[in-house]
Amino acid sequence: MIIETDKIGEDGARTIITGKPQAEYTVGRGETLNLVYFGTDLTNGGAAGKKRACRIVLNGKGARALFLGFVIGKEDQNFVFDASAVHVKGETNSEIRIKSALFGKSRLDFKGDLIIEKDAQQSDTFLASHSLLMDEGTSARAVPSLEILADDVKAGHAATAGKVNEEDLFYLESRGISRREAEHLLVLGFFEEQLQRVPDIDLRDSLRQAIIKSLPF
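Notes on the structure follow.

**Examining the packing of aromatic side chains**
Tallied over the full model, the rule gives four aromatic pairs. Look at Tyr37 and Phe81: their rings are 4.5 Å apart centre to centre, the planes differ by 20°, and that puts the pair in the stacked class. One end of the pair, Tyr37, is in strand 4 (residues 32–39); the other, Phe81, is in strand 7 (residues 78–87), with 44 residues separating them in the sequence. Exposure class is identical for Tyr37 and Phe81. Each is buried. Ring pairs connect the aromatic residues Tyr37, Phe67 and Phe81, which therefore count as one cluster. Directly above the aromatic system of Phe190 lies the positively charged group of Lys99, at a separation of 4.6 Å from the ring centroid.

Below is the structure:
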């Protein structure tokens, strides 16, 4: 279980790691927010699941926000999560990235909203959702939504859901690694790219260890 963290770095950037994000965060002029969501047990057995939602408002020139979601689903857990970035002022930057590894019959239902208001010219925003479906009974649904009212902006999104690459598994197994160990390594590698985006090294290591302990291997 990861410890809830709220830390201000030497560069003034605020980094939060939480399993229960609050409803709304506001990022002011020149401020940076790194919000890390770590989900492992939102609900167990409910068809609809307990919904989590957070909204990040970029309300000042030069505001930057990075939302990183890490989800590990097991058994029949159901994760329902909404995240949105709202650009109110111009020259702001946001990224929403969520990665999930789903086991058993667990499910992810994710909705991401990117909103750029009329006065938020020269804003830059991106949304990505990537899921590893480790067992036959798992499922992942990602619904991206873009609402752009300004005309000088950058905005994009990406979403994937699929199984572990069998060729990668075969390669590791051919070098004497068991299938279970190979799957473990590939799941950790799947999360590692996103872990590298956590700016604080100590927090990154803490999060990595929490992920390792949460994997059902």
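**A closer look at unusual backbone geometry**
Backbone geometry places Glu91, a non-glycine residue, at a positive phi of 55°. Looking at the secondary structure, you find Glu91 in the loop between strand 7 and strand 8 (93–102). For Glu91, a relative accessible area of 39% puts it in the partly exposed group. Positive phi values are uncommon outside glycine, yet Gln122 reaches one of about 60°. Counting through the fold element by element, Gln122 comes out in the loop between strand 9 (107–116) and strand 10 (124–133).

**Describing the pattern of salt bridges**
Applying the stated criterion to the full structure yields 15 salt bridges. Residues Arg55 and Glu24 are paired through a salt bridge, measuring 3.4 Å at the closest nitrogen-oxygen approach. Taken as a pair, Arg55 in strand 5 (residues 51–58) and Glu24 in strand 3 (residues 24–27) lie far apart in primary sequence, 31 residues in all. A relative accessible area of 35% places Arg55 in the partly exposed class. Using a relative accessible area of 39% as the deciding quantity, one classes Glu24 as partly exposed. The partner of Lys163 in a salt bridge is Glu136, with the nearest N and O atoms 2.7 Å apart. Residue Lys163 is found in the loop between strand 12 (154–162) and helix 1 (166–173), and its partner Glu136 is found in the loop between strand 10 and strand 11 (139–148); the two are separated by 27 residues along the sequence. Each member of the pair, Lys163 as well as Glu136, carries the same accessibility label: exposed. A single network of salt bridges, built from pairs that share partners, joins Glu166, Glu173, Arg179 and Glu183.

Criteria and cut-off values
- Residues numbered from 1 in each chain as written.
- Predicted model: local features only at pLDDT ≥ 70, side-chain atom pairs only at ≥ 80, totals over all residues.
- Heavy atoms only, no water.
- Phe/Tyr/Trp six-rings, centres within 6.5 Å; stacked < 30°, edge-to-face > 60°.
- Helix = DSSP H or I, 4+ residues; strand = E, 2+ residues; numbered from the N terminus.
- Buried < 20%, exposed > 50% of the residue type's maximum accessible area, 1.4 Å probe, protein only.
- Lys NZ or Arg CZ within 6 Å of the ring centre and 35° of its normal.
- Salt bridge = Lys/Arg side-chain N within 4 Å of Asp/Glu carboxyl O.

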